[in-house]
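# What the coordinates show
Chain by chain, the residues:
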Number of protein chains: 2
Amino acid sequence: MRISELSAASQVPIPTIKYYLREGLLPQGEQTSATRAVYDESHLRRLRLIRALLEVGRLPLATIHRVIAAVQDEELGIHELLGVAHYALAPEVEPHPDDADWQAARERADDFIAGLDWEIHPDAPTRAELAQMIVTLDRLGMGFSAEALRPYAEAAHRLVADHELARVPFDGPRDKAVEHLVTGTVLYGKVFDVMRRLAHESESAKRVGRTGRPATVTTHATH
Amino acid sequence: MRISELSAASQVPIPTIKYYLREGLLPQGEQTSATRAVYDESHLRRLRLIRALLEVGRLPLATIHRVIAAVQDEELGIHELLGVAHYALAPEVEPHPDDADWQAARERADDFIAGLDWEIHPDAPTRAELAQMIVTLDRLGMGFSAEALRPYAEAAHRLVADHELARVPFDGPRDKAVEHLVTGTVLYGKVFDVMRRLAHESESAKRVGRTGRPATVTTHATH
């Protein structure tokens, strides 16, 4: 297909496509004359992936470059490729190796993960995220206990093993696998968050009942 | 206790406490002389709640005012009070009543919720959030299916019913119940998110195995 058709199919404007071509995010099309090139399904898949990283993952362009470089590096195994995308989606956590509280929290995070018997890379940034969370729970006087966290780990594991990884096409094109991982991680993360707040409302209604005046329901935040 | 002791116990600076007193977010202390007032546990609880709304919930001050007004309005039932806090934590979603796609998504969201048999207010903003998510899933070609969402609803319900609501002190002071709800909703939401990404890594490692070169693990985003 021509660039105009690629634009129509992907809903990405032509100047943006030309920018991605110049930046090397999108491979060049097949040149059919001095001024004309044709594109195929692989270009469409790549544009869908870039859109997912940008609009769903809200990643900065520098990070998108690194993810695309991993997609194009065929020597990288699929698990390692998905790891690059996954870690790109994680919020950055500043480790404080000199802070004794932080160090203790990091050890508790590592112990907790070891107790789960999951395969997690020793340098996974998710470990620092969990340590940060333990520091916050402690600071707010909510304490951290492995027993309180374990039901979350079990629920997450069930959803991921039974549903989420089943949706990732491991043996198809690399672009598609990464796109699925990104949209799945972000969107189903939001889906779960909404379900949790709905369940809160429903269970609260059932436990303490609707009493007194009804509350105004339009007081949500503007943030 | 004096204002200096209240400041030390709450870790809120004296000028900030004075600002909250002027703004009516914190009730006045008991005046013991023309220039001196004493404060008690209820003031400490209120400061903890304000800090939780500010630092954990990241709510703007105008919204915090509305939540505190609900805490102080003793005619408001506890379920309705928790609803005010809950809805304050929800991201704002712009409904598009004139857009046929949005309207269809909203109907599917309502149908899905009706199928769960949960007690959800007809005007709960969470319904609009779910509709927005259905629009996004559709736009990205991932489709929406009630079957795909139901496992998330069930997992959320189990966690909320068995663990989260057990932590909310329904029959204690109103400040404390709201503080627990806010920190619990936000922090355990993040806990689950981290667990899900850890489970993704582990299940991916177990399914496709670690092959090829190891990926660089320090490529996470700065956002």
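It should be emphasised that the depicted structure is a prediction, and the values quoted were computed from it without experimental measurement. Counting from 1, residues in each chain are numbered in the order their sequence is written. To read the labels, note that chains go from A and ligands from 1, taken in the order they are written. Local features in this predicted model are restricted to residues whose pLDDT is 70 or higher, and side-chain atom pairs enter the listing and the counts only when it is 80 or higher, whereas totals over whole chains, interfaces and linings include all residues. Only hydrogens and water are set aside when side-chain values are computed; all heavy atoms of the structure are taken into account.

What follows covers the overall build of chain A. Helix numbers and strand numbers start at the N terminus; a helix is a DSSP run of H or I with at least 4 residues, a strand a run of E with at least 2. Helices and strands together make up the secondary structure of chain A, namely nine helices and two strands. When the helices and strands of chain A are placed in sequence order, the string is α-α-β-β-α-α-α-α-α-α-α. We compute the radius of gyration over the C-alpha atoms and compare it with the globule rule, which gives 2.2 Å times the number of residues raised to the power 0.38. A compact globule built from 223 residues would reach a C-alpha radius of gyration of about 17 Å, whereas chain A, at 22 Å, exceeds it by more than 25%. Judged by the C-alpha coordinates and their principal axes, chain A covers about 70 × 50 × 35 Å. Relative to its 223 residues, chain A shows a buried fraction of 53%. Here, residues are in contact when the closest pair of their heavy atoms is within 4.5 Å. Taking the contacts inside chain A whose residues are at least 6 apart along the sequence as the reference set, 57% of them involve residues at least 24 apart. Residue exposure (1.4 Å probe, protein chains only): buried if accessible area is under 20% of the type maximum, exposed if over 50%, otherwise partly exposed.

Here the focus is the environment of A:Arg106. Of note, A:Arg106 is situated in helix α6 (residues 100–116). The residues contacting A:Arg106, other than those within four sequence positions of it, are A:Pro122, A:Arg127, A:Ala128 and A:Ala131.

Right, let's talk about the relation of the copies chain A and chain B for a bit. Least squares is the method used to superpose the copies, on C-alpha atoms of residues holding a pLDDT of at least 70 in both. Structural alignment of chain A on chain B gives an RMSD of 0.0 Å, achieved by rotating through 180° and translating 0.0 Å along the axis. Taken together, the turn and the small shift mark the pair as related by a two-fold rotation axis. When each C-alpha of chain A is compared by its distance to the rotation axis, A:Ala155 comes out closest, at 3.1 Å. Comparing interface residues between copies, 100% of those in chain A also lie at the interface in chain B; the contact surface is shared.

All names here are of chain B. The sheet contact formed by strand β1 (residues 30–33) and strand β2 (residues 36–38) spans three bridges and is antiparallel. Residue pairing for β2: Glu30 is matched across the bridge by Val38. Here a strand pair is declared whenever DSSP counts at least two bridges between the two strands. Between the antiparallel neighbours β1 and β2 lie two residues.

Right, let's talk about unusual backbone geometry for a bit. Negative phi characterises most residues that are not glycine, and trans characterises most peptide bonds. In this model, A:Asp117 sits at a positive phi of 65°, which is unusual for a non-glycine residue. Within the fold, A:Asp117 resides in the loop between α6 and α7 (125–139). According to the relative accessible area criterion, A:Asp117 is exposed, its value standing at 63%. Phi is positive for B:Gln11, which is not a glycine, with a value near 60°.

Ring pairs shown here join Phe, Tyr and Trp side chains whose ring centres sit within 6.5 Å, with only the six-membered ring taken for Trp; geometry is labelled stacked below 30 degrees between planes, edge-to-face above 60, and tilted in between. The full count for this structure, using the stated rule, is five aromatic pairs over all chains. Between the aromatic rings of A:Tyr152 and B:Tyr188, the centroid separation amounts to 5.1 Å while the plane-to-plane angle is 35°, which identifies the pairing as tilted. One end of the pair, A:Tyr152, is in helix α8 (residues 146–167); the other, B:Tyr188, is in helix α9 (residues 174–208), on a second chain. In this pair, the class of A:Tyr152 matches that of B:Tyr188, namely buried.

Residues and elements named next belong to chain A. Note on method: axes are straight lines fitted to C-alpha atoms, helices fitted across the in-contact stretch only, with angles between N-to-C directions ranging 0 to 180 degrees. Where helix α3 (residues 41–56) meets helix α4 (residues 61–72), the closest approach of the two axes is 10 Å, and the angle between their N-to-C directions is 140°. Overall, the two elements α3 and α4 adopt an arrangement that is oblique. The element α3 and its partner α4 pack so that their crossing is right-handed. Facing α3, whose interface residues are Arg46, Leu49, Ile50, Leu53 and Leu54, α4 presents Leu61, Ile64, Val67, Ile68, Val71 and Gln72. By the convention adopted, Pro, Cys, Tyr, Trp, Phe, Met, Ile, Leu, Val and Ala count as nonpolar, Lys, Arg, Asp and Glu as charged, and the other residues, Gly among them, as polar. Looking at the contact of α3 with α4 residue by residue, the classes come out as nine nonpolar, one polar and one charged. Note on terminology: angles under 35 degrees are roughly parallel, angles over 145 are roughly antiparallel, angles of 65 to 115 are roughly perpendicular, and the others are oblique. The hand of a helix crossing depends on one turn: near helix anticlockwise from the far one by less than a right angle means left-handed, and clockwise means right-handed.

Take the domain arrangement of chain A next. All names here are of chain A. When cut into domains, chain A gives domain 1 (3–76) and domain 2 (89–208). By convention here, the domain bounds are inherited from an automatic or database domain assignment. Here the C-alpha centre of domain 2 lies 31 Å away from the C-alpha centre of domain 1. At the interface, 15 residues of domain 1 touch 11 residues of domain 2. Between domain 1 and domain 2, a total of about 1,100 Å² is buried, with carbon and sulfur atoms accounting for 62% of that surface. Salt bridges are counted wherever a side-chain nitrogen of Lys or Arg sits within 4 Å of a carboxyl oxygen of Asp or Glu. Scanning the region where domain 1 abuts domain 2 turns up two salt bridges. Accessible surface is computed with a 1.4 Å probe, and the buried area is the amount of it that two parts give up when combined, taken over both parts together.

What follows deals with α8(A). A rise of 1.5 Å per residue sets the reference length of α8(A), with its 22 residues, at 32 Å; its end C-alpha atoms lie 30 Å apart and thus fit the reference within 8%. Bending is quantified residue by residue as the angle between axes fitted to the seven-residue window ending at that residue and the seven-residue window starting at it. At A:Val160, α8(A) shows its maximal kink, close to 45°. Here a helix's expected span is defined as the number of its residues, less one, multiplied by 1.5 Å.

Taken together, the contacts link 102 residues of chain A with 102 residues of chain B. Of the roughly 10,300 Å² buried where chain A meets chain B, counting both sides, 64% is carbon and sulfur surface. Across the chain A-chain B interface, the total number found is four salt bridges. We note a salt bridge from A:Arg197 to B:Glu129, for which the minimum N-O separation is 2.8 Å. We call two N or O atoms a polar contact when they sit within 3.5 Å, provided that within protein one can donate a hydrogen and the other can accept it, with sequence-adjacent residues counted only if both atoms are side-chain atoms. Put simply, chain A and chain B have 26 residue pairs in polar contact (both at pLDDT 80 or more) between them. For the side of chain A that touches chain B, the secondary-structure elements that each account for two or more residues are α3, α4, α5 (78–89), α6, α7, α8 and α9 (174–208) of chain A. The dominant element in the side of chain A that touches chain B, judged by the number of residues it contributes, is α9(A), at 25 residues.

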